[in-house]
Amino acid sequence: MDAVRALLGPKHVLISGIMQYSMLWGIIIGFTITAAISAATMKRSTCFHEKGPSAKCGVSGISYMLAFGALEILLSQFPNLEKVTFLSVIATLTSLAYALIALCLSIPKFSIQHEAKGTIMVAMAGEGLATSTKIWRVFQALGNIAFSYTYSMLLLEIQDTLKSPPAENKAMKRVTLYAIGGTALFYTSLGCMGYAAFGADAPGNYLTGFYKPLWLVDIANLAVIIHLTVGYQVFAQTIFAINEKWLATRWQAPGSFFNKIYTVRFQCIQNYSFQLTPSRILLRTGFVVLTTLVAMLFPFFNAILGLLGSISFWPLTVYFPLNMYMVQAKIKRGNSKWIMFQVLSLLCLVVSLVSAVGSVADILEHLKHAQLFHIDL
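Residues numbered from 1 in each chain as written. Predicted model: local features only at pLDDT ≥ 70, side-chain atom pairs only at ≥ 80, totals over all residues. Heavy atoms only, no water.

Per an unreviewed UniProt entry, the chain goes by Amino acid transporter transmembrane domain-containing protein and derives from Salix koriyanagi. Looking at the Subcellular location (unreviewed entry) heading of the UniProt record, one finds this comment for the chain: "Endomembrane system". (UniProt positions renumbered as here; feature names shortened; annotations may be inferred.)

Novice: Give a description of the environment of Thr161 that names residues and reports values.
Specialist: Relative to the assigned elements, Thr161 resides in the loop between helix H6 (152–159) and helix H7 (168–198). When the C-alpha atoms of Thr161 and Thr85 are compared, they prove to be 9.7 Å apart, with 76 residues separating the residues in sequence. (Helix = DSSP H or I, 4+ residues; strand = E, 2+ residues; numbered from the N terminus.)

Novice: Residues and numbers for helix H4 (residues 85–113), please.
Specialist: With 29 residues, H4 ought to run about 42 Å at 1.5 Å a step, and its terminal C-alpha atoms sit 43 Å apart, in line with that. Residues of H4 that are buried include every one of Leu87, Ala91, Thr94, Ala99, Ile101, Ala102, Leu103, Leu105 and Ser106, and no others. Looking one or two residues beyond H4, the residue adopting positive phi is His114, at roughly 65°. (Expected span 1.5 Å × (residues − 1). Buried < 20%, exposed > 50% of the residue type's maximum accessible area, 1.4 Å probe, protein only.)

Novice: Provide a residue-level description of the nonpolar core, including the pertinent values.
Specialist: One broad trend across soluble globular proteins is that nonpolar side chains are buried collectively. Ranked by internal contacts, the top residues of the largest apolar core, which has 41 residues, are Leu24, Ile27, Ile28, Tyr232 and Phe235. Sorting the residues of this core by element identifies helix H1 (2–8), helix H2 (13–51), H4, H6, H7, helix H8 (214–250), helix H9 (278–297) and helix H10 (301–328) as the ones contributing at least two each. Here this core takes 11 residues from H8, the largest share from any one element. Not counting the four nearest positions on each side in its chain, Ile28 is found in contact with Tyr232, Phe235, Ala236, Ile239, Phe287 and Thr291. Listed in part, the nine residues of the second largest apolar core include Ala36, Met65, Val294 and Ala295. (Core = buried A, V, L, I, M, F, W, Y, C linked by side-chain atoms within 4.5 Å. Contact = heavy atoms within 4.5 Å.)

Here you go:
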């Protein structure tokens, strides 16, 4: 928001702020649901392994959501984004782990079939599906692909935690190149191999499509849960920071109960101390409780998250960054670079619009079968 204010002026700040923080909150609601699904999948896989594939193994994900929320209340007491660096490292390693395992599980499944289930001909994909449903799914897939590479809502917040030398922007450019390159390698490999193995029947939560070997599938699901547990804080800390900054301007009295600092010392960990304030405990606990409640009420929220991603993709990832760059680089209207950026922006706007249409269709489909406080595996 500060960068938008500095380069584009105050009139753009409100829109960028609403979209950024709505997206961040939507993501952590999605994290809550996905973590519960992964935990419930582990429980169901164990049931099938013990009782056989034809056994009735109904599992509720609500209890896992509550447990996940309780854990996030504890982790949310870390002071700021800089203090959760080690959590970000854990999230990266576990992300690599479950992506590699999913890729390894897909290869033998595909090799057993001797032919690819998926096809690049959209009209022929998914037997028994109406053509309109196929089109909506293509639109939704475009949004999923675009949204999966988006981290613009956190990029500057992460860059702000870096120390120089080297210059923060140069370090961030290098990190971005490695991150996008690695992400593209994993996502493309897994996406193509998964589609070849499952075709149009590929499950939304990919690991739910595997039951053997049980120990490897469980490790992958556990890696997903750990990844989401610690990744939750990387997104949530930015929301905590903006809200606490706003509250600090409202209650500035240093001696007030809400701003009083309490120090908790852990003698067993090299005299490690931890500082807490009532305002932080109450605000962050309330936020995690509200997030968990929304996840329980709307267990199909991942469909809603697709819509949020579609709506925010073009402004946050394309429009604001491109216009900020053009102002900073003093690129004049009508210049060849300006024209190239406008064409790119228009193409991305089309992707945003069609994926939003696909997401709305998906939400309407979920509403037909959705039940409150119930997760379908």
